[in-house]
4 protein chains.
Amino acid sequence: MRSPILDYLDSIIATTEHVDSGSTADYIPELAAADPTRAAIALCTSNGTVYASGDADHEFSIQSMSKPFAYALAIEDHGLEYVLDRIGVEPSGDAFNELSLDPETGKPRNPMINAGAITTHSLINSEGEKTAVDRMLEYFGDLADRPIRVDEAVANSELATAHRNLGLAYLLHGSGALPADPTESVTGYIRQCAASVTVSDLALMAATLANGGVQPKTGKQLLCRRTNRHLLSVMASCGMYDAAGNWLTTVGIPAKSGVAGGIIGVLPGQIGVAVFSPRLDAHGNSARGVAMMELLSEDMGLHLMEATRPSRSSLRETQLVSLVDGTEATIYVLQGDLVLSSIESLVQEIVTHPPRTDLVVFDMSRVDEVMPVAERTSSETAAKLIEEGYRIIVVDPEGTVENFADSHGRTIERWTPEQLSDAVR
Amino acid sequence: MRSPILDYLDSIIATTEHVDSGSTADYIPELAAADPTRAAIALCTSNGTVYASGDADHEFSIQSMSKPFAYALAIEDHGLEYVLDRIGVEPSGDAFNELSLDPETGKPRNPMINAGAITTHSLINSEGEKTAVDRMLEYFGDLADRPIRVDEAVANSELATAHRNLGLAYLLHGSGALPADPTESVTGYIRQCAASVTVSDLALMAATLANGGVQPKTGKQLLCRRTNRHLLSVMASCGMYDAAGNWLTTVGIPAKSGVAGGIIGVLPGQIGVAVFSPRLDAHGNSARGVAMMELLSEDMGLHLMEATRPSRSSLRETQLVSLVDGTEATIYVLQGDLVLSSIESLVQEIVTHPPRTDLVVFDMSRVDEVMPVAERTSSETAAKLIEEGYRIIVVDPEGTVENFADSHGRTIERWTPEQLSDAVR
Amino acid sequence: MRSPILDYLDSIIATTEHVDSGSTADYIPELAAADPTRAAIALCTSNGTVYASGDADHEFSIQSMSKPFAYALAIEDHGLEYVLDRIGVEPSGDAFNELSLDPETGKPRNPMINAGAITTHSLINSEGEKTAVDRMLEYFGDLADRPIRVDEAVANSELATAHRNLGLAYLLHGSGALPADPTESVTGYIRQCAASVTVSDLALMAATLANGGVQPKTGKQLLCRRTNRHLLSVMASCGMYDAAGNWLTTVGIPAKSGVAGGIIGVLPGQIGVAVFSPRLDAHGNSARGVAMMELLSEDMGLHLMEATRPSRSSLRETQLVSLVDGTEATIYVLQGDLVLSSIESLVQEIVTHPPRTDLVVFDMSRVDEVMPVAERTSSETAAKLIEEGYRIIVVDPEGTVENFADSHGRTIERWTPEQLSDAVR
Amino acid sequence: MRSPILDYLDSIIATTEHVDSGSTADYIPELAAADPTRAAIALCTSNGTVYASGDADHEFSIQSMSKPFAYALAIEDHGLEYVLDRIGVEPSGDAFNELSLDPETGKPRNPMINAGAITTHSLINSEGEKTAVDRMLEYFGDLADRPIRVDEAVANSELATAHRNLGLAYLLHGSGALPADPTESVTGYIRQCAASVTVSDLALMAATLANGGVQPKTGKQLLCRRTNRHLLSVMASCGMYDAAGNWLTTVGIPAKSGVAGGIIGVLPGQIGVAVFSPRLDAHGNSARGVAMMELLSEDMGLHLMEATRPSRSSLRETQLVSLVDGTEATIYVLQGDLVLSSIESLVQEIVTHPPRTDLVVFDMSRVDEVMPVAERTSSETAAKLIEEGYRIIVVDPEGTVENFADSHGRTIERWTPEQLSDAVR
């Protein structure tokens, strides 16, 4: 049986076939020569399964989609503060190839415009024999879980026409914003951009960002959690250049496009997506790629601001029961993920209607996951009840609140579901 | 028992007491005279419970925090397209009181800067006797669930020093971007900004946005879902003026600040928050308010890009059982929210390991909610199985997949949990 | 006999008849309705004779050509330093109706753009019953040597559509650059601009500037010499808005245009000119007016950088003669204007070939005028000769070097031309 | 006897000795090391005599003072139109090292900022073996009338730190504004700037510009008259970078400064000046150099807008005489330079008071020079008189109106002064 998910991706390719406006990047001969009719889409879940449709095996250069990953590597090399001292995080409102230095600090506005990306590249350490480009390719390889190499034809084509980037680099160097050698920085940056990938590679790379920095197939933590969060924020505000606000309102996915026609998108906690089609619109983004992303976002409710629903109360029901031994007990049956907004209804119930039995049971059999602040708040609630003389029993077969304890560090009494079952019978 | 959530808010007030930098807004006499030591915080859950600490009953003027709500009302009055034709959604990179017109279209860059907000106000319809300001106050009242009135002293103080806003309005009028009368528009806008609120009011207003546009106490749909999503996107990219990128990376909550010292924040699907303290930093945001928001975001994991966890597989377990009548059956036990990224593992399992029994049961007793694309994908999976000769039974006590049907529209066979229980026993 | 100068002006009107591009100012109804085929030219010499051709009696509003005169009046009222503290003198590179504040000082860039001109108007003092506008009109009257009044229809038409100027004024007021009331300042400025003039009036006004600030007909000093020089410099660099550089290279005359279709030009020391034709080019300057000015500049060699010729040596000839009484004498015959560059050749001659006779005569009968530095240098030369034992006699029938004295203050011996004549005979 | 002009220059050096603010150019090591106490001044008249004081023999690099001469050479090579198509003439309002492209045309704003100067250099043709730099040096040599060579130490020092200029050049190349190779253009430009000169050289070079393009010592026409006029206009509006307006109002001389501490100034038709002192002010101009120029301008009345005086009437007197033969004659005695504004009074006299004798004599013995438009106007006046029956005789011993003829091409009767003398006697 063919996966219905593949059918769905096929339908996106088919539905967007009429989008044939725009043209291939004209300032890099090798890109200008790309077949404009190609199109591909891939999607990768948080467990690492990749679904792809269209020209999914076609390799093209990663271009500016390399920028977020280079930024991540620079942060991993030097720490966030060091990098923030050199490159800003504010949207520029300018085209990608403008200098866009912050007038007060002289820093490139953000790492997603070329000036910031060249500076970013120069911050990647070399290690022994390995150059910054080698390390970048190795990092791409770890993200995509296969070796990634430079497309030398593309790299050479770009190097021959890299005047604007050289101009930016020399100006950055002249103003002190780029301490490294300008020509070397641009050469390295261009080779980084010429890394050859497929939509499937990109979907896996994006899925790593969706997955809190953990590559979903290999389980390697390739970005620390904070770097990952920071990176997604920067992609959300600066990833689509001068159309950032429009992208965020309509598609609503942190994303990055490349001039070869690719776009990656990340829905935190859910999936990574990648699309490809070489014709570019006026903003330099793939025209058909944007159409595919819009469709995906709409169909799948992927918009960052689209709360699937107000989070449900964690309190499923309150039962007042007589136990087998004749004791009266109040049982709070909890459910779902415990976050502050859901745990609040439980706390509220207990505060306004204190249990009328001495014995209080928290049944967490249906609980999925517990956020720190929810754990803290609920354990403090339990502690307060104990102080007021209640006897508290926790039923937690999945061990979601293993550290659940009162404020004096005393462990709270626990039952298995069977014990509860037997007691209630 | 005092709620631990209140204890937590108290601790935020206490922890930020040392933040006494900045000064009250100096260009509006009435605001300059505010008591700089005041501080308040409030939080409202999606069911409408408000928790507040500090000077929670102190009223202050809503100022620029009125902008998102005015924008919402203008969109409700005219439709999104009409408003987008007149006001952009791109971050300006300029201070809030710059003209910041888009050089190509001549539109104000976004509705969160003053130029855009004055234009926004002018788009609010009057209705019979009700002026635009009357309607705005009524809307504030619906959002806060209590009558909201203008602080006339603040309004008069601002009107007397509204030179810059008058300047913007006349320039907008001169360029055609503001067809309405400039003086009237500014007067109305200033009265809108002078609406008097508490942090509790603001938390409820923010919670409405967190709640998909539904006021959590009254249940009224005050913004349609799409407007709400659009509004949150604009707040995320333009809400904190020229520090938008920095705010998104560090706090990561769509937010809006006001010059009287308030800040509201919205975490979609979860909570609305509001803080207040009159001293402003260099960006015109409440200095202590920013500190409180940072603490909240950090403690509570509220950052938009902070995926609580990779979403779990919807497939809890696969059981191969002999029914009472001797039939062999494959039971897929599903759990949690069904979104594309979670349903995928079920589909994947079925595709790669087709059921080895003719009878296939989907047990959805533990399922919470089902997204459209997940429903579509899983119903197509079921349809494919039926076509291949399988007998499909759905156990769905909560009715989460009521429209579950095969692609020929035939309803799928359903069992109650008790039927399943009896059959398996 | 008709003056050949009038014939020449007629020929300019005729030659430019084909220039019918552009259109009348569209944002002021009263100006938009002007007859686009009208054309006029006038020229005024430094003795106040006016030559005019075309629609020379047609009155139109002075508009921005009022700016230099208002600037002059403000300087006369407050002194140059006071005005320079409030309004800059740098070209803006922006259109005339941009705010164009200096980013460092917050001052309007120059008095020729609207923001600077509104501020300028607000600096004109009222005097008892006389408002600033009254004084401005009186000043125009002194310059044109006839009463000048406001065209109320034009003033009202502009006041009704003065949104952009009001916007600028409120922004200036808000930023502190315009302490006066914004609406009053704009109203006054617009009435100043609506003053009704003919090309003949304007030519006389311009001639006053050409004449070092002295009205050539009445002989009144209407601007002090330094203000006049300063004003011409500002007109040269800022008078033609964003086309200042192009104007200076091609026409090369300090000038100012008005949106009703007039342009005035000043050639220091020579003439004032004015042209009129209502159709405006893309820069807001009269299209046919520019053509007329270009022709004038070309034909008459009026370009500021067009040195009529390298200045001639002041030393016409050196004569060695025997006087009637047998004395040998060296006679230096001087000519023309004595400026440093011309006197230098005399000094040079004396330094390299000291007179070989004890008696030295400077014959200044052919000398026209003597600049201070030339007088100083030549008197020091004479003093040095006296110290070296020479007897010096000056023949100066026109009294051009009345203060000619040696460095000890001793008066130098003088002869009349007749005395010289008799002595030489 | 020492020339009083040298004494005067000495006094300028002495008077400005206290001006010791600013510091040497810090971004070029070789310039940073200059002796900051050096100072020199030189002045060159239109006959080529150079007066110099201070460190007049000290050689320093020409730097940006090379820009006007390179611009002249490019225009001589390609014609003005070709160069105007590639480089604008508008002041930029930016610092000298900003890119400052015209937003509409993409051209560098003017040839005096670095971007425009690099493009200018690239337009200088090579000729056979001679590179553009060779030709530039040869041109400098022609202007200074001695061989000029590159200071290799300065050139190397600048090449090593030319990042900003390389940045500009690559951006220009990338945008198509600089077709030539960026590195070669910058290398050539830097060598051009490293040409080693003294203030005496510079004064001679400036004097060539003052002299209508004719080198005053050699008499070679090094720039055509129109190029010279154009160049001076560009220097006036763009020569002093972002302080152009301030310079024009206070000093009022077309000028150009160099970062090594030199400034040249040109007063059309009179003199060229050059000053030198290495410490620079905030605008990058020599601080003491500016002070020296201000003093010169003030003392010598060199301000461009400082009309020495309203030009005198050309009509010295009108004599009504009886000739020896009994004929009555009207003699118009003319004087000075005949320009339109002076000839006008003669024409006016004749028009309003037609001669009452048949014989009319124009005595031009005291006339210095005649401008074309004056010649045309006066010859037409004569022609009109002939047509009305008058007999016209011209006395023109200096041949100033050799082509004087009536409108039918008939030569007008001429007398020598002696003939007139004899006739009147």
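As the structure is a computational prediction, the values presented were derived from the model and not from experiment. (Residues numbered from 1 in each chain as written. Chains lettered and ligands numbered in written order. Predicted model: local features only at pLDDT ≥ 70, side-chain atom pairs only at ≥ 80, totals over all residues. Heavy atoms only, no water.)

Chemist: When you look at helix 6 (residues 132-144) of chain B in this model, what are you seeing that I'm missing?
Modeler: Residues and elements named next belong to chain B. With 13 residues, helix 6 ought to run about 18 Å at 1.5 Å a step, and its terminal C-alpha atoms sit 18 Å apart, in line with that. With ten of its 13 residues buried, helix 6 lies for the most part within the structure. Restricting attention to buried positions, one finds in helix 6 the residues Ala132, Val133, Arg135, Met136, Leu137, Tyr139, Phe140, Gly141, Leu143 and Ala144. Following helix 6 by one or two positions, Asp145 adopts a phi angle in the positive range, close to 60°. (Helix = DSSP H or I, 4+ residues; strand = E, 2+ residues; numbered from the N terminus. Expected span 1.5 Å × (residues − 1). Buried < 20%, exposed > 50% of the residue type's maximum accessible area, 1.4 Å probe, protein only.)

Chemist: Help me out: how do you make sense of the interface of chain B and chain C in this one?
Modeler: The figure often quoted for interface size is the accessible area lost as the parts come together. Each partner contributes to the interface: chain B provides nine residues, whereas chain C provides nine residues. Area buried by chain B at its contact with chain C is led by His163(B), Tyr170(B) and Leu171(B), which between them contribute 57% of it. Put simply, chain B and chain C have zero salt bridges between them. Between chain B and chain C we count zero residue pairs in polar contact (both at pLDDT 80 or more) in total. Classifying every residue of the side of chain B that touches chain C gives four nonpolar, four polar and one charged. (Contact = heavy atoms within 4.5 Å. Buried area = accessible area lost by both parts, 1.4 Å probe. Salt bridge = Lys/Arg side-chain N within 4 Å of Asp/Glu carboxyl O. Polar contact = N/O pair within 3.5 Å; in protein donor to acceptor, adjacent residues only side chain to side chain. Nonpolar A, V, L, I, M, F, W, Y, C, P; charged D, E, K, R; others polar.)

Chemist: How do you make sense of the domain arrangement of chain A when you look at a structure like this?
Modeler: Along its sequence, chain A is organised into domain 1 (4-300) and domain 2 (315-423). The C-alpha-based centres of domain 1 of chain A and domain 2 of chain A are spaced at 47 Å. (Domains from an automatic or database assignment.)

Chemist: I keep staring at the sheet that holds strand 12 (residues 413-415) of chain C and nothing clicks. Help me out?
Modeler: Strands in a sheet are paired, the pairing made by backbone hydrogen bonds, and the direction either parallel or antiparallel. Residue and element names in this part refer to chain C. Spatially, the five strands line up as an open sheet ordered 8-9-10-11-12, and their pairing is mixed. Among the strands making up the open sheet, the edge pair consists of strand 8 (315-322) and strand 12. Sheet twist, expressed as the average angle between the axes of neighbouring strands with direction ignored, equals 25°. The pairing of strand 8 with strand 9 (residues 328-338) spans seven bridges and is antiparallel. By the bridge assignment, Ser322 is partnered in strand 9 with Glu328. Against the sheet, helix 16 (residues 417-424) engages strand 8, strand 9, strand 10 (359-370), strand 11 (391-395) and strand 12, with an angle of about 80° to strand 12. (Pairing = 2+ DSSP bridges. Axes fitted to C-alpha atoms, helices over the stretch in contact; angles between N-to-C directions.)

Chemist: Which parts of the structure should I look at to understand the arrangement of the chains?
Modeler: Taking C-alpha atoms as the reference, chain A and chain C come no closer than 12 Å and do not contact one another. Spatially, chain B is disjoint from chain D: no contact exists, and the shortest C-alpha separation is 12 Å.

Chemist: So what exactly am I meant to see when it comes to the packing of aromatic side chains here?
Modeler: To describe a pair of aromatic rings, you give the distance between the ring centres and the angle between the ring planes. In total, this model carries ten aromatic pairs over all chains according to the counting rule given. Ring centres 3.9 Å apart and planes at 10° place the aromatic pair Phe60(A) and Phe276(A) in the stacked group. Residue Phe60(A) is located in strand 3 (residues 60-61), and its partner Phe276(A) is located in strand 7 (residues 271-276); the two are separated by 216 residues in the primary sequence. In terms of burial, Phe60(A) and Phe276(A) fall into one category: buried. Judged by centre distance (5.7 Å) and plane angle (5°), the rings of Tyr170(B) and Tyr170(C) are stacked. Taken as a pair, Tyr170(B) in helix 8 (residues 163-175) and Tyr170(C) in helix 8 (residues 163-175) lie in two separate chains rather than in one. Since its relative accessible area comes to 11%, Tyr170(C) is described here as buried. For the cation-ring pair, Arg86(A) lies above Tyr82(A), with the distance from its terminal atom to the ring centre recorded as 3.6 Å. (Phe/Tyr/Trp six-rings, centres within 6.5 Å; stacked < 30°, edge-to-face > 60°. Lys NZ or Arg CZ within 6 Å of the ring centre and 35° of its normal.)

Chemist: Honestly, the pattern of salt bridges in this entry has me stumped. Any pointers?
Modeler: By the definition in use, this model includes 52 salt bridges over all chains. We note a salt bridge from Arg229(C) to Glu298(D), for which the minimum N-O separation is 3.9 Å. In this pair, Arg229(C) sits in helix 11 (residues 225-238) while Glu298(D) sits in helix 13 (residues 287-300), so the two residues belong to two different chains. The buried category is assigned to Arg229(C), whose relative accessible area is 6%.

Chemist: Would you mind showing me how to read the relation of the copies chain A and chain B here?
Modeler: Between the two copies of the chain lies a relationship made up of a rotation around an axis and a movement along it. Once turned by 180° and shifted 0.0 Å along the axis, chain A lies on chain B with an RMSD of 0.1 Å. Accordingly, the operation relating the two chain copies is best matched by a two-fold axis. Taking C-alpha positions as the reference, the residue of chain A nearest the rotation axis is Ser237(A), at 3.1 Å. Of the residues that chain A buries at the interface, 99% are likewise interface residues in chain B, meaning the two copies contact each other through the same surface. (Least-squares fit on C-alpha atoms with pLDDT ≥ 70 in both.)

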